[in-house]
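An overview of the molecular structure
Here is how the chains run, residue by residue.
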Amino acid sequence: KNEVEQSPQNLTAQEGEFITINCSYSVGISALHWLQQHPGGGIVSLFMLSSGKKKHGRLIATINIQEKHSSLHITASHPRDSAVYICAVNKVGGSQGNLIFGKGTKLSVKP
Amino acid sequence: EPEVTQTPSHQVTQMGQEVILRCVPISNHLYFYWYRQILGQKVEFLVSFYNNEISEKSEIFDDQFSVERPDGSNFTLKIRSTKLEDSAMYFCASTEDSYYNEQFFGPGTRLTVL
């Protein structure tokens, strides 16, 4: 069983729509990361959070530690937001910073 | 803005050959990582490195793999005798002053083993 699960796997939206991507994890964590992987393959860190909520531009990330769940929201989506969004966690208990990754959510925003 | 760089962007090699993938982390960062992503699969941790030694390695990181920071700026991943299943995208990442910080990723090296 994967320790980090994301849903949906694939998401198609119209430009301007509000988008939510979900991440659930089954292990104790010290932090959760949201990453964006561009079509060319490069990975960019969007957020790192261990509690509450963070906002950057049109992106909002929330985490509920008790429920072991995080969401990434994109407001007013745009075709340039099309990418794979990856949830990853730092696992508590000896892991020297290594991240455990979800399989990613492929987002396609149509004009 | 400082960034992690990786060379080459694409490496093609024959099975059994040795390859060295190179990374230049952000200059004031102290913690370094290698990850790989087989086509169509999720990213997987290979190894973390701090203070000139391996901190942690995954089951994937067997005796065929080694890492080195030869000169204080480069961080290399060597695969001694490549196998077909080593074909993947390899990402280097670094963090500034703790394992539990935001990780900055390089653009990746696509390794193709024929």
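Residues numbered from 1 in each chain as written. Chains lettered and ligands numbered in written order. Predicted model: local features only at pLDDT ≥ 70, side-chain atom pairs only at ≥ 80, totals over all residues. Heavy atoms only, no water.

Details of the overall build of chain A
Note the cut-off: Labels follow the DSSP assignment, with helices taken as runs of H or I lasting at least four residues and strands as runs of E lasting at least two, numbered in each case from the N terminus. In this treatment the radius of gyration is a C-alpha quantity, and the globule benchmark scales as 2.2 Å times the residue count to the 0.38 power.
When you go through chain A residue by residue, the secondary structure sums to zero helices and 11 strands. The N-to-C order of helical and strand elements in chain A reads β-β-β-β-β-β-β-β-β-β-β. For chain A, the C-alpha radius of gyration of 13 Å lies close to 13 Å, the compact-globule estimate for 111 residues. Overall size of chain A, expressed as C-alpha extent along the three principal axes, is 45 × 30 × 25 Å.

Details of the sheet that holds strand β8 (residues 75–79) of chain B
As a general point, the strands of a sheet are linked pairwise by backbone hydrogen bonds and lie either parallel or antiparallel. All names here are of chain B. What counts here: When DSSP finds two or more bridges between a pair of strands, those strands are recorded as paired. Axis lines are fitted through C-alpha atoms, for helices just across the contact stretch, and the angle between N-to-C directions can take any value from 0 to 180 degrees.
Strand order across the open sheet formed by four strands is β1-β3-β8-β7, with antiparallel pairing between neighbours. With one partner strand each, in any of the chains shown, β1 (5–7) and β7 (65–68) form the two edges of the open sheet. The sheet shows a mean angle of 20° between the axes of neighbouring strands, direction not considered.

Describing the pattern of salt bridges
Heads up, the condition is: When a carboxyl oxygen of Asp or Glu is within 4 Å of a side-chain nitrogen of Lys or Arg, the pair counts as a salt bridge. Remark: exposure states derive from per-residue accessible area (1.4 Å probe, protein chains only) relative to the maximum for the residue type, with buried under 20%, exposed over 50%, and partly exposed in between.
For the coordinates displayed, the defined rule picks out three salt bridges over all chains. Note that K91 of chain A is salt-bridged to E3 of chain A, the shortest N-O span being 2.9 Å. With K91 of chain A in strand β9 (residues 83–91) and E3 of chain A in the segment before β1 (4–7), the pair connects residues that are 88 residues apart, well separated along the chain. Of the residues examined, K91 of chain A reaches a relative accessible area of 26% and is grouped as partly exposed. Close ionic contact of R36 of chain B with E44 of chain B constitutes a salt bridge, the shortest N to O distance being 3.2 Å.

Focus: the environment of A88 of chain B
Along the chain, A88 of chain B falls in strand β9 (residues 88–95). Once the C-alpha coordinates of A88 of chain B and I60 of chain B are considered, the two residues, 28 residues apart in sequence, prove to be 13 Å apart.

Observations regarding the interface of chain B and chain A
The condition is simple: It only takes one pair of heavy atoms within 4.5 Å for two residues to be counted as in contact. A quick way to say it: buried area is the sum, across both parts, of accessible area lost when two parts are put together, with a 1.4 Å probe. Pairs of N or O atoms are called polar contacts if they sit within 3.5 Å, as long as, within protein, a hydrogen donor faces a hydrogen acceptor (for residues adjacent in sequence, only side-chain-to-side-chain pairs).
Counting residues at the interface gives 19 residues for chain B and 22 residues for chain A. Across the chain B/chain A interface, buried area totals approximately 1,700 Å², and carbon plus sulfur atoms make up 57% of it. For chain B, the biggest contributors to the area lost against chain A are K42, Y100 and F105 of chain B; these three give 36% of the whole. At the boundary of chain B and chain A, one finds zero salt bridges. Summed over the shared surface of chain B and chain A, the result is four residue pairs in polar contact (both at pLDDT 80 or more).

Structural notes on the packing of aromatic side chains
Which entries qualify depends on this criterion: Aromatic pairs are defined between Phe, Tyr and Trp rings, using the six-membered ring for Trp, whenever the two ring centres lie within 6.5 Å; interplanar angles under 30 degrees are classed as stacked, those over 60 as edge-to-face, and all others as tilted.
Here the structure, examined in full by the defined rule, presents nine aromatic pairs over all chains. Here F32 of chain B and F75 of chain B contribute two aromatic rings whose centre-to-centre distance is 5.4 Å and whose plane-to-plane angle is 40°, an arrangement assigned as tilted. A residue pair is termed long-range when its members are at least 10 positions apart, and F32 of chain B in strand β4 (residues 31–37) and F75 of chain B in strand β8 qualify at 43 residues. The class for F75 of chain B is buried, based on a relative accessible area of 0%. Following the ring pairs from residue to residue traces out a cluster consisting of F101 of chain A together with Y33, Y35, F45 and F105 of chain B.

Let's talk about the environment of S73 of chain B
Residue and element names in this part refer to chain B. With respect to the secondary-structure elements, S73 resides in the loop between β7 and β8. For S73, a relative accessible area of 33% translates into the label partly exposed. With 17 residues separating them along the chain, S73 and E56 place their C-alpha atoms 20 Å apart. Aside from chain neighbours lying at most four places away, what touches S73 is C23, V24 and P25.

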